[in-house]
Amino acid sequence: MSINKEQKLIFFHPDFESELRIPFLKEGVSAGFPSPAADFMETNIDLNKELSKNPLATFYIKVKGNSMIDAGINDKDVLVVDRSMEPQNNKIAICFIDGEFTVKRIQVEKDCLYLMPENTKFAPIKVTEENELIIWGIVTYVIKAV
């Protein structure tokens, strides 16, 4: 078993001391028919706080590679990862396996654990007793460029 050497993850700590405030329209924007603007009510948002339920256990991770494209995770996306969440079947996780980090979906079967890619060009990773595996954190958000 070998993890795709092309996929690398870059880790970042959120900056909760930042004074940067981004304008935020709480009313949202219509994705259907246009709606009248409600006075353009504007407040500020701090994405570090908005995207983090547990600030001390939250990290941002930049993805390199395409093994998760069918889950909507692409090369250069930024993942918000919470290390305090319990790993569960079907959750997308940052996994440390045999000395390397990877992002995969956890699949629990009767007597086996798989780390599943979301791209048919990549093979599942069957975790056996010979592997050293740490589920490092659970992905809670994906930040994308358009």
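The structure under discussion appears in the preceding block.
Residues numbered from 1 in each chain as written. Predicted model: local features only at pLDDT ≥ 70, side-chain atom pairs only at ≥ 80, totals over all residues. Heavy atoms only, no water.

Caption draft 1: Up close: the overall build of the protein. Helix and strand content of the protein: one helix and ten strands. Each helix and strand of the protein, ordered N terminal to C terminal, gives the series β-β-β-α-β-β-β-β-β-β-β. Taking contacts inside the protein between residues at least 6 apart in sequence as the whole, the part at least 24 apart equals 60%. With the model as given, the accessible surface of the protein reaches about 9,800 Å², and the carbon-plus-sulfur share is 55%. (Helix = DSSP H or I, 4+ residues; strand = E, 2+ residues; numbered from the N terminus. Contact = heavy atoms within 4.5 Å. Areas by Shrake-Rupley, 256 points an atom, 1.4 Å probe, with all protein chains shown as cover.)

Caption draft 2: The arrangement of the side chain of Asp77 in detail. As for its placement among the helices and strands, Asp77 is situated in the loop between strand E4 (58-64) and strand E5 (78-82). For Asp77, the side chain forms a polar contact with the main-chain nitrogen of Asn74, separated by 2.7 Å. Here Asp77 is in contact with Ile61, Lys62, Val63, Gly72, Val142, Ile143 and Lys144, once residues within four sequence places are set aside. (Polar contact = N/O pair within 3.5 Å; in protein donor to acceptor, adjacent residues only side chain to side chain.)

Caption draft 3: The pairing of E4, seen in detail. In terms of residue burial, E4 counts as a mostly covered element, since five of its seven residues are buried. When E4 meets E5, the two strands line up antiparallel, connected through five bridges. The residue bridging Lys62 from the neighbouring strand is Val78, located in E5. (Buried < 20%, exposed > 50% of the residue type's maximum accessible area, 1.4 Å probe, protein only. Pairing = 2+ DSSP bridges.)

Caption draft 4: Highlighting the environment of Phe96. Note that Phe96 resides in strand E6 (residues 92-97). Sequence separation between Phe96 and Gly137 is 41 residues; the distance between their C-alpha atoms is 9.5 Å. Phe96 has contacts with Phe101, Glu132, Leu133 and Ile134, leaving out every residue within four places of it along the chain.

Caption draft 5: Quick peek at unusual backbone geometry. Even without glycine at this site, Asn90 takes up a positive phi of about 75 degrees. In this structure, Asn90 sits in the loop between E5 and E6. Take Asn90: its relative accessible area is 45%, and that puts it in the partly exposed class. Notably, Asp98 is not glycine yet its phi reads approximately 50 degrees, a positive angle. With respect to the helices and strands, Asp98 occurs in the loop between E6 and strand E7 (100-109). Looking at Asp98, the relative accessible area reads 35%, which means it is partly exposed.

Caption draft 6: Structural context of the packing of aromatic side chains. Overall, the coordinates contain three aromatic pairs when judged by the stated rule. Arranged with centres 4.7 Å apart and planes meeting at 55 degrees, the rings of Phe96 and Phe101 form a pair that is tilted. Judged by its relative accessible area of 26%, Phe101 is partly exposed. Connected via pairs of aromatic rings, a cluster forms that spans Phe59, Phe96, Phe101 and Trp136. (Phe/Tyr/Trp six-rings, centres within 6.5 Å; stacked < 30°, edge-to-face > 60°.)

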